[in-house]
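Report on the structure
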Amino acid sequence: MHDRVRAGLPDLRHAGASLYLLPVLIMTTQHLPDAKARPEMTPPPGAREKPDPAEQPFRFASETLRLRMRDWLVVLVLVILATLLLPRVWTLVDDFETGENFRFPYDLSNDYWLVSRWIGEATATYPALTLGDSVVWGQYAGRNETLAAYLNAGMGEQVFGNIGLDGLHPAAMYGLVRHYGGSIRNKQVLIQLNPLWVSSAQHDLQGDEETRFNHPGLVPQVYPNLPVYKPTVEEVFFTVLERSVDFFAWTRHLRLAYFDNMDYHSWTLENPSDFPLSFIGHELPAVDENPRSRAIPWEQGGFTETEFPWLDLETSFQWQSFRNMIDLLRSRDNEVFVLVGPFNKHMMAPESRVRYEQVKAEMVRWLEQEGIPHNATANLPTDEFGDASHPLASGYERLARELLEDPAFFK
């Protein structure tokens, strides 16, 4: 504890004396001489008296650049140009490869700037699209074993582009089409309606408690009020900004694709030895070539018979969102076809199965009233389901074959 410091004074140095710091450090103010008792310092003769800062006029420091109004206008123009052009220029930097039977990278499902870019490319490449949640994406299937892939194989050419996303429930699907899918116009759109989203209050986003769910950035932020979703004012503000200004959606893309979903400041703290712009030129996450989940029949995967409560469609938020999305797509001159299900009835408890048929009949009734072509007859064998709603590859192949034989399907 006694740090010994050599005093440095000539007479002490010669005597080998040292100065200990501890007594200095523990010295209290009472050991100090009274300030009032200290003699007033007298400036040396000829020294200039220091002026009072409060009486001096304000002056800019020599290193400060003063901007005039014209300079501020130039800065404003540069900021606007950067905001408009950077996301567009970045499309030349990102190595975003698609190809036949492409499906969007699973790990970037919340990257709506890149999703919008893929939708734009798909609408420019394919005459028809498949839209839905992970059933359309192909949770238990490889890239070339999805519904879109088997439809393309059955037609002998690349006709359907797969724009399905993991967890894209109807409310999120409506938000995606509305805010990021403006390029979906004059297309044939096959929409898969997964009944799972009206099977319980939790799936319908009407639970009593706040909970986590997929794609909160695509659902209404203020109205209607969702009991399970309570975003902060800051979250609402930036969600609206990302929807409205391409630049902010692009910055979110950078965070998700290159900064482990961290902001730039946090990333540099976590990676202090990495060059901040080293991400430029890096490849995006690879396309999922293989099934995301183990592709085995649901009984072998540990699933058991389940009771699904099923909701009244008249009060279902997801059902109303699905109807709104259909109206929006049709208002953009799209030709819509709805695939209802399939749903794994083999996994339902008997009472739940009866209620499911009633809910499905109500869905079909509305589709017929609206004159929307649809198919609600899909009934896969039990060993072609991976869980309650996801087919295995053999199930997708069967579905594609039945759709291509359906007279109401796109011709």
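Note that the coordinates shown come from a computational prediction; the quantities given were computed from them, not determined experimentally.

About the cut-offs
Residues numbered from 1 in each chain as written. Predicted model: local features only at pLDDT ≥ 70, side-chain atom pairs only at ≥ 80, totals over all residues. Heavy atoms only, no water. Helix = DSSP H or I, 4+ residues; strand = E, 2+ residues; numbered from the N terminus. Buried < 20%, exposed > 50% of the residue type's maximum accessible area, 1.4 Å probe, protein only. Contact = heavy atoms within 4.5 Å. Areas by Shrake-Rupley, 256 points an atom, 1.4 Å probe, with all protein chains shown as cover. Phe/Tyr/Trp six-rings, centres within 6.5 Å; stacked < 30°, edge-to-face > 60°. Lys NZ or Arg CZ within 6 Å of the ring centre and 35° of its normal. Pairing = 2+ DSSP bridges. Axes fitted to C-alpha atoms, helices over the stretch in contact; angles between N-to-C directions. Parallel < 35°, antiparallel > 145°, perpendicular 65-115°, else oblique. Left-handed = near helix turned anticlockwise from the far one by under 90°. Nonpolar A, V, L, I, M, F, W, Y, C, P; charged D, E, K, R; others polar. Expected span 1.5 Å × (residues − 1). Arc of directions from axis to C-beta. Core = buried A, V, L, I, M, F, W, Y, C linked by side-chain atoms within 4.5 Å. UniProt positions renumbered as here; feature names shortened; annotations may be inferred. Salt bridge = Lys/Arg side-chain N within 4 Å of Asp/Glu carboxyl O.

Points about the overall build of the protein
In terms of helices and strands, the protein carries 13 helices and seven strands. A buried classification covers 42% of the 411 residues belonging to the protein. A separation of at least 24 residues holds for 74% of the contacts in the protein among residues at least 6 apart in sequence. A total of about 23700 Å² of accessible surface is found on the protein, and carbon and sulfur atoms cover 54% of it.

Considering the packing of aromatic side chains
Throughout the structure, instances matching the rule amount to 20 aromatic pairs. Relative to Trp310, the ring of Phe308 has its centre 5.8 Å away and its plane inclined at 35 degrees; by these criteria the two rings are tilted. Its relative accessible area of 9% is what places Phe308 among the buried residues. When the ring of Phe308 is compared with that of Phe343, the centres are 5.4 Å apart and the planes differ by 80 degrees; the resulting orientation is edge-to-face. Within this pair, whereas Phe308 is found in the loop between helix H10 (264-270) and helix H11 (317-331), its partner Phe343 is found in the loop between strand E6 (335-340) and helix H12 (350-369), the two being separated by 35 residues in sequence. Like Phe308, the residue Phe343 is buried in the burial classification. The rings of Trp90, Phe247, Phe248, Trp250 and Tyr258 are connected pair by pair, giving a single aromatic cluster. The ring of Trp137 carries Arg103 above its face, with NZ or CZ at 4.0 Å from the centroid.

Points about the pairing of strand E3 (residues 128-131)
Along E3, one buried face is formed by Ala128 and Thr130 and the opposite face, lined by Leu129 and Leu131, is buried too. Alignment of E3 against strand E4 (residues 160-162), held across three bridges, turns out to be parallel. In the sheet register, Ala128 faces E4, and the bridge partner there is Phe160. Examined bridge by bridge, E3 and strand E5 (residues 188-193) share four bridges and lie parallel to one another. Across the sheet, residue Thr130 finds its bridge partner in E5, namely Leu190.

Quick look at the packing of helix H3 (residues 69-90) against helix H9 (residues 246-258)
It is at 8 Å that the axes of H3 and H9 come closest, and there the two elements cross at 45 degrees. One finds that H3 runs oblique with respect to H9. Judged by the twist between their axes, the crossing of H3 over H9 is left-handed. Only Asp246, Phe247, Trp250, His253, Leu254 and Tyr258 of H9 make contact with H3, whose side of the interface consists of Ala82, Thr83, Leu86, Pro87 and Trp90. For the contact of H3 with H9, the residue count by class is eight nonpolar, two polar and one charged.

Thoughts on the sheet that holds E6
Spatial strand order, E4-E3-E5-E6-E7: five strands in an open sheet with parallel pairing. Looking along the sheet, the strands with just one partner apiece sit at the ends: E4 and strand E7 (374-375).

Regarding the side chain of Ser321
One can find Ser321 in helix H11. Under the relative-accessibility criterion, Ser321 is labelled buried at 4%. Setting aside anything within four residues of it in sequence, one finds Ser321 in contact with Pro170, Ala171 and Tyr174.

Concerning the environment of Val287
Relative to the helices and strands, Val287 resides in the loop between H10 and H11. A residue is classified by how much of its surface remains accessible, and Val287, at 18% relative accessible area, is buried. Excluding residues that lie within four positions of it along the chain, Val287 makes contacts with Glu97, Phe102, Arg103 and Arg143.

Things to note about H9
When the terminal C-alpha atoms of H9 are compared, their 18 Å separation across 13 residues agrees well with the 18 Å that a helix rising 1.5 Å per residue should span. Along H9, the residues classified as buried are Phe247, Ala249, Trp250, His253, Leu254, Ala257 and Tyr258. Along the long axis of H9, the arc covered by the buried residues comes to 155 degrees, so they all point the same way. On its buried face, H9 sits against H3, helix H4 (112-125), helix H8 (233-244) and H10.

Structural notes on the environment of Asn290
By the element assignment, Asn290 lies in the loop between H10 and H11. Through-space distance from the C-alpha of Asn290 to that of Gly142 is 4.2 Å; in sequence the pair is 148 residues apart.

Comments concerning the nonpolar core
Within the largest apolar cluster, 87 residues are counted, with the highest numbers of intra-cluster contacts made by Leu131, Leu190 and Ile191. Top element by residues in this core is H4. It accounts for seven residues. For Ile191, the residues in contact, after removing those within four places along its chain, are Leu131, Met173, Phe322, Met325, Ile326, Leu329, Val336, Phe337, Val338 and Leu339.

Focus: the UniProt feature "transmembrane region" (unreviewed entry) in the protein
According to UniProt, the "transmembrane region" (unreviewed entry) feature falls on residues 72-90. Each end of residues 72-90 is marked by a C-alpha atom, and these two atoms are 26 Å apart; helix forms 100% of the span and strand 0%.

Looking at the pattern of salt bridges
A full pass over the atoms with the stated rule returns nine salt bridges. Here Arg292 makes a salt bridge to Asp288, at a shortest N to O gap of 2.9 Å. Classification of Arg292 as partly exposed rests on a relative accessible area of 36%. Two residues, Glu357 and Lys360, come together in a salt bridge whose shortest N-O distance is 4.0 Å. On the criterion of helical spacing, the pair formed by Glu357 and Lys360 is a turn pair, its members being three residues apart in helix H12. Classification of Lys360 by relative accessible area gives buried; the value is 14%. When salt bridges with common partners are traced through the structure, they connect Asp107, Asp288 and Arg292 into a single cluster.

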